[in-house]
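In case you want the letters, here they are:
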Amino acid sequence: MEVYEVFRRAGHKDPYEHCGAVTAPDPEMALMMAKECFLRRGEGEHLWVARRSDIHAFSGDPAIDIVADKSYRHPSGYRDVVAKRERAIARARELEAS
Amino acid sequence: MTYDEKLQAFNDHIAAGGKVEAEDWMPDDYRKGVLKFIEMHANSEIMGALPEREVLPSAPTLKRKMSLCAKIQDEVGHAQLLYRVAEDLGKPRDAMVSDLVNGRSKFHNVFHYPVRHWGDAALIGWLIDGAALVTQASLRDSSYAPYTRVLKRICAEEQLHLRHGEDITLELASGSEHQRWMFQDALDRWWLAIIHFFGPRSNPEKDLLLRWKVKTETNENLRQEFLDRYVPKILELGFTIPAPVPYLDEASGHWLINDEDIDWEPLEGIKRNDGPETARRLAQRKAMYDDHRWVRDAMTEPVGV
C-alpha cells in the first residue's frame, strides 16, 4: 500500500488543486478511492493521483530565502502615480514656458 | 539545536498562532496527543455509521432511506479522510482498526447507545450532528494543519447532515401525536448523553491539547455554545427537555445547566468501553473487518502468484 496525493479540477478554467490523499495498492485503485472520497457531490470534473514519493518539495519554507526587496515584482512597488503624473506635467509646462 | 531549544521554538511557534505540518519537527507528546485525538475522531465516524445503519429499515419512505444511506456513506468517508491523516503521524491503519475492534481505543460516547425507532434518526441527525458540528467547527483553527484541511470538507458535509436531521425532526414535529412522541421519546433517552458528549469541564493547566492549541475551546464553552443554539429551537417546537434541565439566565442571556445537575455516572462504563451497545457493535465491526479480508487481500496480492 502507498499514499497517493489527490488533485482535483473543478472546471476547465480552473487549475488542478490538491484536495487530499488516499492509501491504495496501485494507481487504478487510488483513482477509484479518490473518486469515492472527493467527487461524491460532483465537486469537480477531473482527478489526478500521484504517488507521494514522486512529489518533490522544499525541505524548509522556500519563502524564507527571499529576503531582498522584491517590491518591483508587485503592483504595490509602483505607487503614487497621481503625484508622479502631476510632477511630470509640471515639468512639461516648465519646459514649454522657457 | 538541543531538544530543549527545539521544544522552546515549537512552543513559541504555537503561541504565535503557527501551524504544524506532518513533516515538521514536533515533541513526542504533541504527536501522540494529536494522533490519539484524530484516531478517536475517525473511530467515532466509523462507529457512528452503525446506529444509523440500525435505524435505516424504519425509514418511512424510499427518499428518506436513500438520504440516510447517503449520510451514512459520508460518515464512513470522514473516517477514511481522518485515518489517512492519522496514518501520517506514524500509526498504520491496520493497527488502528485492530485497536478499535479489540476495544483498545475509544470512540464517542453517543455511539455506545441503542437506537429504537425513526425518532432516533431525527435526533441523531439534528442534535448529535449539531453537537459534533459545534466541536468540529472549533477545531478548524487547530494547530495541526493537515487535520484542519480535512475538517473543511467534513464540516461542509456535516452542515448538510444537520439540515437533513432538522428536516426529519420538523416533519415529526408537524405530524401526528405518535410522530411527536417519537421525537420526544428519543430526546428523553439521548439528552444526558448529548450533554456528556462535550466532556467534563476542561483543565487548561493539565490539558496538553489545549495548551498546544490542537483543541481551541474548552469542553464547557462548546457545551454552552450548543445549549444556546439548540435549546430555544427544541423548546419552540413544544418538546420537553429532560434532566439535566437547562434554564435561561436572564442576566447573561445564556441557557445554563448547573454542574451539579449533570449525572456523570453513566459515562463511567463507556470510558472503559463497557456501554450498553459497545460489545455488540465492536463485534459487528470486527466481523465486517474479518469478512472483508478477502477484498483487502485481492487488492494487495496479485492473483495466481
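Look up a bit, the structure's there.
Quick look at the structure, then. What you see is a predicted model; the values in this text were computed from it and never measured.

## Focus on the overall build of chain B
The secondary structure content of chain B amounts to 12 helices and 2 strands. When the helices and strands of chain B are listed from N to C terminus, the series reads α-α-α-α-α-α-α-α-α-β-β-α-α-α. Dimensions of chain B, computed from C-alpha atoms along their principal axes, come out at roughly 70 × 65 × 35 Å. Classification of the 305 residues of chain B by burial places 52% in the buried group. Taking contacts inside chain B between residues at least 6 apart in sequence as the whole, the part at least 24 apart equals 77%.

## Let's talk about the side chain of B:N219
All names here are of chain B. Following the sequence through the fold, N219 ends up in helix α9 (residues 219-236). For N219, a relative accessible area of 15% puts it in the buried group. In this structure N219 touches F198, G199, P200 and S202, once residues within four positions along its chain are discounted.

## Some remarks on helix α5 (residues 118-139) of chain B
Residue and element names in this part refer to chain B. With 22 residues, α5 ought to run about 32 Å at 1.5 Å a step, and its terminal C-alpha atoms sit 31 Å apart, in line with that. The sharpest bend along α5 measures roughly 35° and falls at I124. For α5, the buried fraction is high: 21 of the 22 residues fall into the buried class.

## So, the interface of chain B and chain A
Counting from both sides, the interface comprises 14 residues of chain B and, opposite them, 15 residues of chain A. Of the roughly 1200 Å² buried between chain B and chain A, counting both surfaces, carbon and sulfur atoms make up 49%. On the chain B side of the contact with chain A, B:R84, B:R153 and B:M299 bury the most area, a combined 46% of that side's loss. Viewed at the interface, chain A and chain B are joined by 6 salt bridges. A:R40 is the salt-bridge partner of B:E157, the closest N and O atoms lying 3.3 Å from each other.

## Thoughts on the nonpolar core
All names here are of chain B. Formed by 95 residues in total, the largest nonpolar core has its most connected members in Y30, L127, Y144, W190, W191 and F226. Sort the elements by how many residues they give to this core and α5 lands first, with 13 residues. Setting aside chain neighbours within four positions, we find W191 in contact with F226, L227, V231, I234, I241, P242, A243, P244, P246 and I257.

## So, the pairing of strand β1 (residues 2-9) of chain A
Within a regular beta strand, the side chains point alternately toward one face of the sheet and then the other, so they alternate between its two faces. Residue and element names in this part refer to chain A. Judged by how many residues are buried, β1 sits mostly within the fold: 6 of 8 residues are covered. Pairing of β1 with strand β2 (residues 17-24), which is carried by 7 bridges, proceeds in the antiparallel orientation. Bridge pairing links E5 to A21 in β2. Bridge count between β1 and strand β3 (residues 46-51): 6 bridges; the pairing is antiparallel. Within β3, the residue paired with F7 across the bridge is W48.

## A short note on the environment of B:G130
All names here are of chain B. Its place among the elements puts G130 in helix α5. Residues G130 and H161, spaced 31 residues apart in sequence, show a C-alpha to C-alpha distance of 8.7 Å. Those residues within four positions of G130 in sequence are excluded, and the remaining contacts are L162, F226 and Y230.

Calculation rules
Residues numbered from 1 in each chain as written. Chains lettered and ligands numbered in written order. Predicted model: local features only at pLDDT ≥ 70, side-chain atom pairs only at ≥ 80, totals over all residues. Heavy atoms only, no water. Helix = DSSP H or I, 4+ residues; strand = E, 2+ residues; numbered from the N terminus. Buried < 20%, exposed > 50% of the residue type's maximum accessible area, 1.4 Å probe, protein only. Contact = heavy atoms within 4.5 Å. Expected span 1.5 Å × (residues − 1). Bend = angle between axes of the 7 residues up to and from the residue. Buried area = accessible area lost by both parts, 1.4 Å probe. Salt bridge = Lys/Arg side-chain N within 4 Å of Asp/Glu carboxyl O. Core = buried A, V, L, I, M, F, W, Y, C linked by side-chain atoms within 4.5 Å. Pairing = 2+ DSSP bridges.

By themselves, these observations are geometric and do not establish any function.
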